[in-house]
Amino acid sequence: MDLGSPPRAPGWRCCLPTSDATTISLSCPLEPGRPWLAGTALDILRQEAQTQSDPDGDRYAMGRRRGAPLMLGEPLLWNGVPLIAEAVEPEGGTAGELTLRLPPWSELADRIPEERLWAVTDKLAAEFAASCGVVSDGRAIGYPDLGEPRSAALRLQLLHIGVLVPAPWLKFLRLGSTPYQELPQSRLVLVLE
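Summary of the structure given here. (Residues numbered from 1 in each chain as written. Predicted model: local features only at pLDDT ≥ 70, side-chain atom pairs only at ≥ 80, totals over all residues. Heavy atoms only, no water.)

What about helix 3 (residues 114-127)?
Compared with an ideal rise of 1.5 Å per residue, which puts 14 residues at 20 Å, helix 3 spans 20 Å between its outermost C-alpha atoms and is within 8% of the ideal. Positive phi appears at alanine 129, one or two residues downstream of helix 3, with a value of about 50°. (Helix = DSSP H or I, 4+ residues; strand = E, 2+ residues; numbered from the N terminus. Expected span 1.5 Å × (residues − 1).)

Side note on the packing of helix 1 (residues 37-48) against helix 3
Each packed pair of helices is defined by two parameters, the angle between the axes and the distance between the axes. In contact at an axis separation of 10 Å, helix 1 and helix 3 are set at 150° when each is read in the N-to-C sense. The way helix 1 lies across helix 3 gives a crossing that is right-handed. Where helix 1 approaches helix 3, its residues Thr40, Ala41, Ile44, Leu45 and Glu48 are matched on the opposing element by Arg116, Val120, Lys123, Leu124 and Glu127. Per-class residue counts for the contact of helix 1 with helix 3 are five nonpolar, one polar and four charged. (Axes fitted to C-alpha atoms, helices over the stretch in contact; angles between N-to-C directions. Left-handed = near helix turned anticlockwise from the far one by under 90°. Contact = heavy atoms within 4.5 Å. Nonpolar A, V, L, I, M, F, W, Y, C, P; charged D, E, K, R; others polar.)

Examining the pairing of strand 1 (residues 22-29)
A large share of strand 1 lies buried, amounting to seven of its eight residues. Sheet topology places strand 1 next to strand 6 (residues 95-102); eight bridges connect them, and they run antiparallel. Across the sheet, residue threonine 22 finds its bridge partner in strand 6, namely leucine 102. (Buried < 20%, exposed > 50% of the residue type's maximum accessible area, 1.4 Å probe, protein only. Pairing = 2+ DSSP bridges.)

Quick notes on the layout of surface pockets
In this model, the largest pocket occupies a volume close to 220 Å³. Residue lining of the largest pocket: 16 residues in total, with Leu30, Glu31, Ala68, Glu89 and Pro90 positioned closest to the centre. Looking at the lining of the largest pocket residue by residue, the classes come out as eight nonpolar, three polar and five charged. (1 Å grid on protein atoms, 1.4 Å probe; cavity = no way out; pocket = protein on both sides within 12 Å on 5 of 7 lines; lining within 4 Å. Points joined across faces, edges and corners; volume = space filled by probe spheres on them.)

Overview of the packing of aromatic side chains
The geometry of an aromatic ring pair is captured by two quantities: the separation of the ring centres and the angle between the planes. The final tally for this structure, using the stated rule, is two aromatic pairs. Measuring from ring centre to ring centre gives 6.5 Å for tryptophan 12 and tryptophan 118, while their planes differ by 65°; the resulting arrangement is edge-to-face. Here tryptophan 12, found in the segment before strand 1, pairs with tryptophan 118, found in helix 3; they are 106 residues apart in sequence, far enough to count as distant. Just as tryptophan 12 is buried, tryptophan 118 falls in that class too. An aromatic cluster of three or more residues is present, and its members are Trp12, Trp105 and Trp118. (Phe/Tyr/Trp six-rings, centres within 6.5 Å; stacked < 30°, edge-to-face > 60°.)

Overview of the side chain of glutamate 89
The topology assignment puts glutamate 89 in the loop between strand 5 (81-88) and strand 6. Residue class for glutamate 89 comes out buried when judged on its relative accessible area of 12%. A polar contact is formed between the side chain of glutamate 89 and the backbone nitrogen of leucine 37, at a distance of 2.7 Å. If we skip the residues at most four places from it in the chain, glutamate 89 touches Leu30, Trp36, Leu37, Ala38, Ala68, Pro69 and Leu70. (Polar contact = N/O pair within 3.5 Å; in protein donor to acceptor, adjacent residues only side chain to side chain.)

Quick word on unusual backbone geometry
Non-glycine residue asparagine 79 carries a positive phi angle of around 55°. Here asparagine 79 lies in the loop between strand 4 (71-78) and strand 5. One non-glycine residue, alanine 129, lies in positive phi territory at about 50°. Following the sequence through the fold, alanine 129 ends up in the loop between helix 3 and strand 7 (132-136). Under the relative-accessibility criterion, alanine 129 is labelled partly exposed at 48%.

Details of the pattern of salt bridges
All told, the structure shown has five salt bridges when counted by the stated rule. As a salt-bridge pair, glutamate 74 and arginine 59 come within 2.5 Å of each other at their nearest N and O atoms. With glutamate 74 in strand 4 and arginine 59 in the loop between strand 2 (52-53) and strand 3 (60-62), the pair connects residues that are 15 residues apart, well separated along the chain. Note that arginine 174 and glutamate 193 form a salt bridge whose closest N and O atoms lie 2.3 Å from each other. Taken as a pair, arginine 174 in the loop between strand 8 (162-166) and strand 9 (179-182) and glutamate 193 in the segment after strand 10 (188-192) lie far apart in primary sequence, 19 residues in all. (Salt bridge = Lys/Arg side-chain N within 4 Å of Asp/Glu carboxyl O.)

This is the structure in structure tokens:
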């Protein structure tokens, strides 16, 4: 055992086939007067995941100099793993995106325990009353048509390696889709391919 290397995270029950990046992205309703997605998400990540600012990461922001930034990317470190918390809030939009951009699964699995990743995802999804979400290889969720859950669920499933959907949407997924686990606070169900 190499005493100079960080301890291995407990084993994962799944393997996420991500080669470029591992993204977890949530579709979040935007309500007037509610705090910005980015600010609240950073508070949760600091409390729940004990993330720290990444001094070597690049922060990016685009906006109108008033109100929430249209896009904000904040570089963080979670157990030494680089992470970008990205929030997108379109002006006048009814939904925004909150995306965690992590390295490929092979690089993060040794440092971030699986149960912590899903617990932090659950906390974020519950805080923002996320309608749905995805696990992907670099992609964000986009803006699914929540008024058409049948087509939204199938489209999300076709484009991503996993989906986070409300239990009533499970019947809209491809035949043979099996829930991996339910996130207890948000009540979203994780289905991995």
